[in-house]
Amino acid sequence: TTNEPASEASPPSQRADTSRSASLRWGLAAAVVGAVLASAAVATWFLHSRDRADTPTASSSTSATAANNADAIAVLPVEVYANSGDDWLRLGLMDLLATRLRAGGVAVMPSDSVVRAIAGVNDSDEALKRLSGADGLRSVLQPAVRRSGDDWVVRIDIVDADGRRRTAQAEGKNAIATTDDASRRVLALLGHAAPGDTASADLDLTELLQRTDAARLSENLDLARSLIEHAPANLRDLPEVRERAIRIDLRAGR
């Protein structure tokens, strides 16, 4: 009798074990890929939400329509002609001006997005050129603030997409209050009515908020957090200040 050669095929039980092992490996790989994709989706949502964090919910049909049409305005960082201790005005007054315009029903590009778009550009005219060609922007605001003795002068040039320029200017004893005044004049030039008296009744609070925003926009999160931590207790407990603290922690990934 001729002996049959030994079969090289694995026994059925071993084949089943191998099949289950392969299935487990593929299942684990699929789970890992799924987790990575989910994490990427969450990260994308977070960054998108963070970009929109400076844009409050539209409170009027005018603002909503402008936002839907992407017919927005960008506010450049403020050129500051004052003492070195006033450097925070560059981004602080920029964000204050953007906030005041939104309150008047104007769609404004988020300050974070503007800062990222002109990263590495220190010249105001060069920044203007970089943003002027952006789709959906009808105008770019080029603001400047100058200390003149005991007074502040705020000048805002409105540069439209077609090259037309208009100017709003205000003078006052306080940089924040003067910027508020200038923002009302800008709204008038844009055909929007200022929503009542936008000047802050508490300039100390407004200054704290804008100093904090300036530090956050420049990615100096330690300074932004320190400004809140060392603020007077009556200011630290206000909702606006607590919201800033949350926003800083979110940016820092805390």
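(A) Representation of the pairing of strand β5 (residues 165–172). Alternating residues of β5 divide into Arg-166, Ala-168, Ala-170 and Gly-172, all buried, and Arg-165, Thr-167, Gln-169 and Glu-171, none buried. Sheet analysis places strand β4 (residues 151–160) next to β5, joined by 8 bridges and oriented antiparallel. When the bridges of β5 are listed, Arg-155 appears paired with Gln-169. From the end of β4 to the start of β5, which pair antiparallel, there are 4 residues, and Gly-163 there has a positive phi angle of about 95°.

(B) Quick peek at the pattern of salt bridges. By the definition in use, this model includes 20 salt bridges. For the salt bridge of Arg-225 with Asp-222, the shortest nitrogen-to-oxygen distance reads 3.8 Å. Highlighted residues: Arg-225 and Asp-222, both in helix α8 (residues 221–229), separated by 3 residues, approximately one helical turn. Its relative accessible area of 17% is what places Arg-225 among the buried residues. In this structure, Glu-243 engages Arg-244 in a salt bridge whose closest nitrogen and oxygen atoms are separated by 3.2 Å. Here Glu-243 falls in the partly exposed class, since its relative accessible area comes to 30%. A relative accessible area of 13% means that Arg-244 is categorised as buried.

(C) Empty space enclosed by the protein, seen in detail. Enumeration over the complete set of coordinates arrives at 1 cavity of 30 Å³ or more. Each pocket or cavity is described by its volume, and for the largest cavity that value is around 40 Å³. Looking at the largest cavity, the residues that line it are Val-78, Leu-93, Leu-97, Pro-143, Ala-144, Val-145, Val-154 and Thr-179.

(D) View of the packing of α8 against helix α10 (residues 239–251). It is at 10 Å that the axes of α8 and α10 come closest, and there the two elements cross at 155°. With respect to their mutual orientation, α8 and α10 come out roughly antiparallel. In the packing of α8 onto α10, the handedness of the crossing is left-handed. Contacts between α8 and α10 pair Leu-221, Ala-224, Arg-225 and Ile-228 from the former with Val-241, Arg-244, Ala-245, Ile-248, Asp-249 and Arg-251 from the latter. Of the residues assigned to the contact of α8 with α10, the class counts are 6 nonpolar, no polar and 4 charged.

(E) Expanded view of the nonpolar core. Membership of the largest hydrophobic core comes to 44 residues, with the highest contact counts inside it found for Val-75, Leu-93, Leu-101, Leu-131, Leu-141 and Val-186. Secondary-structure elements contributing two or more residues to this core are β1 (72–75), α3 (89–103), α5 (124–132), β3 (137–148), β4, β5, α6 (175–189) and α7 (203–217). The element contributing the most residues to this core is α3, with 8 residues. In contact with Leu-93, not counting residues within four places along its chain, are Val-78, Val-145, Ala-175, Ile-176 and Thr-179. One finds Leu-205, Ala-224, Ile-228 and Ala-231 within the second-largest nonpolar core, a separate group that totals 11 residues.

(F) Local environment of a negative patch on the surface. Judged by side-chain charge, Glu-79, Asp-123, Asp-125 and Glu-126 come together as a negatively charged surface patch. Relative to the elements of secondary structure, Glu-79 occurs in strand β2 (residues 79–81).

(G) Spotlight on α10. The end-to-end C-alpha distance of α10, which contains 13 residues, comes to 18 Å, matching closely the 18 Å that a straight helix rising 1.5 Å per residue would cover. The complete set of buried residues in α10 reads Val-241, Arg-244, Arg-247, Ile-248 and Arg-251. Projection of α10 onto a plane perpendicular to its axis shows the buried side chains occupying an angular sector of 115°, all on one side. Residues of α10 that are exposed and point more than 90 degrees away from the buried face comprise Pro-239, Arg-242 and Ile-246. The positive-phi residue at the C-terminal boundary of α10 is Gly-253, with phi of around 80°.

Thresholds applied
- Residues numbered from 1 in each chain as written.
- Predicted model: local features only at pLDDT ≥ 70, side-chain atom pairs only at ≥ 80, totals over all residues.
- Heavy atoms only, no water.
- Buried < 20%, exposed > 50% of the residue type's maximum accessible area, 1.4 Å probe, protein only.
- Helix = DSSP H or I, 4+ residues; strand = E, 2+ residues; numbered from the N terminus.
- Pairing = 2+ DSSP bridges.
- Salt bridge = Lys/Arg side-chain N within 4 Å of Asp/Glu carboxyl O.
- 1 Å grid on protein atoms, 1.4 Å probe; cavity = no way out; pocket = protein on both sides within 12 Å on 5 of 7 lines; lining within 4 Å.
- Points joined across faces, edges and corners; volume = space filled by probe spheres on them.
- Axes fitted to C-alpha atoms, helices over the stretch in contact; angles between N-to-C directions.
- Parallel < 35°, antiparallel > 145°, perpendicular 65-115°, else oblique.
- Left-handed = near helix turned anticlockwise from the far one by under 90°.
- Contact = heavy atoms within 4.5 Å.
- Nonpolar A, V, L, I, M, F, W, Y, C, P; charged D, E, K, R; others polar.
- Core = buried A, V, L, I, M, F, W, Y, C linked by side-chain atoms within 4.5 Å.
- Patch = residues over 30% accessible without salt bridge, like charges linked within 9 Å, V, L, I, M, F, W, Y side chains within 5 Å.
- Areas by Shrake-Rupley, 256 points an atom, 1.4 Å probe, with all protein chains shown as cover.
- Lys, Arg positive; Asp, Glu negative; His and termini not counted.
- Charge placed at Lys NZ, Arg CZ, Asp CG, Glu CD.
- Expected span 1.5 Å × (residues − 1).
- Arc of directions from axis to C-beta.

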